[in-house]
Amino acid sequence: MKILVIGGGGREHALVWKLRQSASVEKIWCAPGNGGIANEAECVPLDLKDVKAAADLAAKLGADLTIVGPELPLTLGIADEFAKRGLPLLGPERKAAQLEGSKIFSKQFMERHFIPTADVYGICDSPVEAHAALDWAEWPLVIKADGLCAGKGVLVTSSSEEATAFIERVMEKREFGDAGTRVMLEEALVGEELSYIILTDGKNFIRMAPARDHKRAFDNDEGPNTGGMGVYSIDDILPAELEKTIIRTIVQPTLDGLREEGMPYRGFLYFGLMLTADGPKVLEYNCRLGDPETEAVLPRADFDLAQACMQAALGDLSAVEAKWFPGASVCVVIASKGYPADPQTGVPIHGLEEAAKVPGAVVFHAGTRREGGVCYTNGGRVLVVTAMGEDLSAARRVAYEAASRIKIEGAHYRKDIGAKAAKGHAAV
Ligand code: AMP
Ligand code: GLY
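Predicted model, so just to flag it, every value in this text is computed and none were measured.

Thresholds applied
- Residues numbered from 1 in each chain as written.
- Chains lettered and ligands numbered in written order.
- Predicted model: local features only at pLDDT ≥ 70, side-chain atom pairs only at ≥ 80, totals over all residues.
- Heavy atoms only, no water.
- Near = heavy atom within 4 Å.
- Polar contact = N/O pair within 3.5 Å; in protein donor to acceptor, adjacent residues only side chain to side chain.
- Areas by Shrake-Rupley, 256 points an atom, 1.4 Å probe, with all protein chains shown as cover.
- Phe/Tyr/Trp six-rings, centres within 6.5 Å; stacked < 30°, edge-to-face > 60°.
- Helix = DSSP H or I, 4+ residues; strand = E, 2+ residues; numbered from the N terminus.
- Buried < 20%, exposed > 50% of the residue type's maximum accessible area, 1.4 Å probe, protein only.
- Lys NZ or Arg CZ within 6 Å of the ring centre and 35° of its normal.
- Core = buried A, V, L, I, M, F, W, Y, C linked by side-chain atoms within 4.5 Å.
- Contact = heavy atoms within 4.5 Å.
- Pairing = 2+ DSSP bridges.
- Axes fitted to C-alpha atoms, helices over the stretch in contact; angles between N-to-C directions.
- Parallel < 35°, antiparallel > 145°, perpendicular 65-115°, else oblique.
- Nonpolar A, V, L, I, M, F, W, Y, C, P; charged D, E, K, R; others polar.

## A few points about the site of ligand 1
Then comes step 1: The full set close to ligand 1 counts 16 residues, and Glu186, Leu189, Glu193, Lys215 and Glu284 are the nearest of them.
Then comes step 2: Note that an oxygen atom of ligand 1 is positioned 3.1 Å from one of the side-chain N or O atoms of Lys103.
Then comes step 3: Glu186 places a polar side-chain atom, nitrogen or oxygen, 2.7 Å from a nitrogen atom of ligand 1.
Then comes step 4: Burial of ligand 1 by the surrounding chains reaches 94%, relative to a free accessible area of 460 Å².

## Considering the packing of aromatic side chains
Then comes step 1: Following the criterion strictly, the structure yields 6 aromatic pairs and no others.
Then comes step 2: A ring pair is formed by Phe303 and Trp324, whose centres lie 5.3 Å apart and whose planes are at 75 degrees; its orientation type is edge-to-face. Here Phe303, found in the loop between helix H10 (293-297) and helix H11 (305-314), pairs with Trp324, found in the loop between H11 and strand E18 (328-335); they are 21 residues apart in sequence, far enough to count as distant.
Then comes step 3: The buried category is assigned to Phe303, whose relative accessible area is 12%.
Then comes step 4: Residue classification places Trp324 among the buried residues on the basis of a relative accessible area of 17%.
Then comes step 5: Members of the aromatic cluster, connected to one another through ring pairs, are Phe109, Tyr196, Phe271 and Tyr285.
Then comes step 6: The ring centre of Tyr413 lies 4.3 Å from the NZ or CZ of Lys415, which sits over that ring.

## Structural notes on the nonpolar core
Side chains of a nonpolar character, in soluble globular proteins, are inclined to be buried together.
Then comes step 1: Counting residues in hydrophobic clusters, the biggest one holds 77 residues, and the most contacted among them are Leu4, Ile78, Leu269, Phe271, Leu383 and Ile406.
Then comes step 2: Counting residues per element, this core draws most heavily on helix H13 (residues 392-404), at 7 residues.
Then comes step 3: Apart from residues lying up to four places away in sequence, Ile78 is in contact with Ile6, Val51, Ala54, Val68, Pro73 and Leu89.
Then comes step 4: Within the second largest apolar cluster, 46 residues are counted, among which are Leu19, Ile37, Ala209 and Cys309.

## Notes on the sheet that holds strand E7 (residues 141-145)
Then comes step 1: Spatial strand order, E6-E9-E7-E8: 4 strands in an open sheet with antiparallel pairing. The sheet terminates laterally at strand E6 (120-124) and strand E8 (154-157), the two strands that pair on one side only. Here the strands of the sheet are splayed against their neighbours by 15 degrees on average, with no regard to which way each runs.
Then comes step 2: For E6 and strand E9 (residues 183-187), the ladder comprises 4 bridges, and the chain directions are antiparallel. Within E9, the position partnered with Cys124 by the bridge is Val183.

## Side note on the packing of helix H5 (residues 94-101) against helix H6 (residues 103-112)
Then comes step 1: Close contact between H5 and H6 brings their axes to 6 Å; oriented N to C, the two are set at 100 degrees. As judged from the angle between their axes, H5 and H6 are roughly perpendicular. Across from Lys95, Gln98, Leu99 and Gly101 in H5, the residues of H6 making contact are Lys103, Phe105, Ser106 and Phe109.
Then comes step 2: For the contact of H5 with H6, the class distribution of residues is 3 nonpolar, 3 polar and 2 charged.

## Quick notes on the site of ligand 2
Then comes step 1: Close to ligand 2 lie Asp213, Lys215, Gly227, Tyr270, Asn286, Arg288, Gly290, Asp291, Pro292 and Glu293, which account for all nearby residues.
Then comes step 2: Asn286 is positioned with one of its side-chain polar atoms (N or O) 3.1 Å from an oxygen atom of ligand 2.
Then comes step 3: One of the side-chain N or O atoms of Glu293 is found 2.8 Å from a nitrogen atom in ligand 2.
Then comes step 4: When grouped by side-chain class, the residues that make up the shell around ligand 2 number 2 nonpolar, 3 polar and 5 charged.

## Things to note about the environment of Leu134
Then comes step 1: Take Leu134: it is sitting in helix H7 (residues 127-136).
Then comes step 2: In this structure, the C-alpha to C-alpha distance between Leu134 and Gly122, residues 12 residues apart in sequence, is 9.0 Å.

## Observations regarding the pairing of strand E10 (residues 192-200)
Then comes step 1: Counting buried residues in E10 gives 7 out of 9 residues, a clear majority hidden from the surface.
Then comes step 2: Strand direction decides the pairing type here: E10 and strand E16 (residues 267-276), joined by 9 bridges, are antiparallel. Residue pairing in the sheet places Glu193 in a bridge with Met274 of E16.
Then comes step 3: Pairing of E10 with strand E11 (residues 205-207), which is carried by 3 bridges, proceeds in the antiparallel orientation.

Here you go:
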């Protein structure tokens with residue numbers, strides 16, 4: 001199998017790394033890739049907004065399968081373009097990708113199919129409406145920009161000043177461009193979060209190992225929301241009864257709803273869940289693998305991922321079984337100075353070789369660029385350091401040992417990824 005992976009972040013690095021372990025894979029390209037992916041796959045330039053160029057590239061390379069990592073090309077219709085040209089691709093078509101591309105679309109979809117989610121206080125087309133909605137909403141509340149904002153378009157707050165300022169930034173100053181044309185105000189849910197990700201052919205599905213992301217920038221869940229600062233994966237966070245409830249009340253109605261509405265779905269589908277006292281509720285859908293969930297989850301995969309992806313793309317996952325290594329994995333994101341508000345790029349990265357010497361650690365590149373043998377930062381999230389262990393404490397020790405060997409001026413990472421859960425999780 002010759003595979004083209006679209007994207008150039010930590011998720012795509014982990015994908016390429018895992019696909020390379022598959023006996024059925026002969027060649028991997030990654031477009032555009034990054035400074036670390038270049039060590040494991042042939043990187044090819046690509047503008048992620050140009051879905052026609054992506055199809056031209058897949059055709060020219062003769063890829064047997066294209067796997068799309070990020071949401072942007074999916075929401076721009078990369079799957080529709082490939083389908084039109086008879087090129088095999090894993091990822092949903094544009095219409096279904098709106099589950100991620102528009103938070104208002106996804107909320108209305110959930111309401112139509114009685115899928116548990118936060119109650120809505122208002123869907124606002126103008127700043128005047130949004131400011132007015134603040135008067136009667138219950139606090140704390142959540143404000144979400146409708147469109148794609150790389151995880152940064154959400155505010156959870158109890159402060160009306162903060163809410164007012166956020167509406168100004170999103171709707172008036174258009175900090176996220178057209179993504180802020182509309183906003184949605186909703187109930188703040190309370191509980192632990194869970195990233196439940198499936199690979200589906202539209203009907204059958206396999207699920208990824210359960211994962212928990214840490215969205216806030218700083219330790220103890222302080223600071224602004226980010227795309228994700230670190231993840232741990234252990235089976236304890238998904239007891240069998242909880243999983244049954246998630247499948248019955250959320251996954252199944254979602255897949256049925258997509259089919260009923262003429263949006264058959266082939267690809268990864270991510271359910272961002274809040275485990276509330278009233279049961280699991282959907283915070284968001286993503287039409288792709290999570291980042292950095294993928295970097296923690298794929299090292300635990302004990303099955304042929306390339307085959308599974310191909311079967312999902314072909315529309316028949318029924319014979320595929322996903323097996324997962326026991327124990328734990330954890331990944332820690334090393335972010336640039338100023339991330340998420342104003343990340344500094346172009347800073348040299350030192351210590352990659354020293355980090356790679358830590359047994360059991362893998363360093364995935366997220367935002368890096370290689371020039372003359374030196375790696376430089378090239379984005380907000382720079383590196384993702386992953387480790388597996390027999391339990392969470394062991395995995396954390398290895399990941400943090402490797403992370404401590406990496407030196408990037410001004411960079412920061414959270415020291416508490418998986419810390420709370422590690423206390424209650426020990427190998428038996
Ligand atoms: P989203 O992009 O919708 O997942 O939002 C990003 C993060 O904001 C989530 O992972 C949660 O941490 C938080 N969040 C989103 N919606 C809510 C909600 N209704 N209640 C509480 N927290 C939320
Ligand atoms: N880590 C959350 C996401 O991929 O959106």
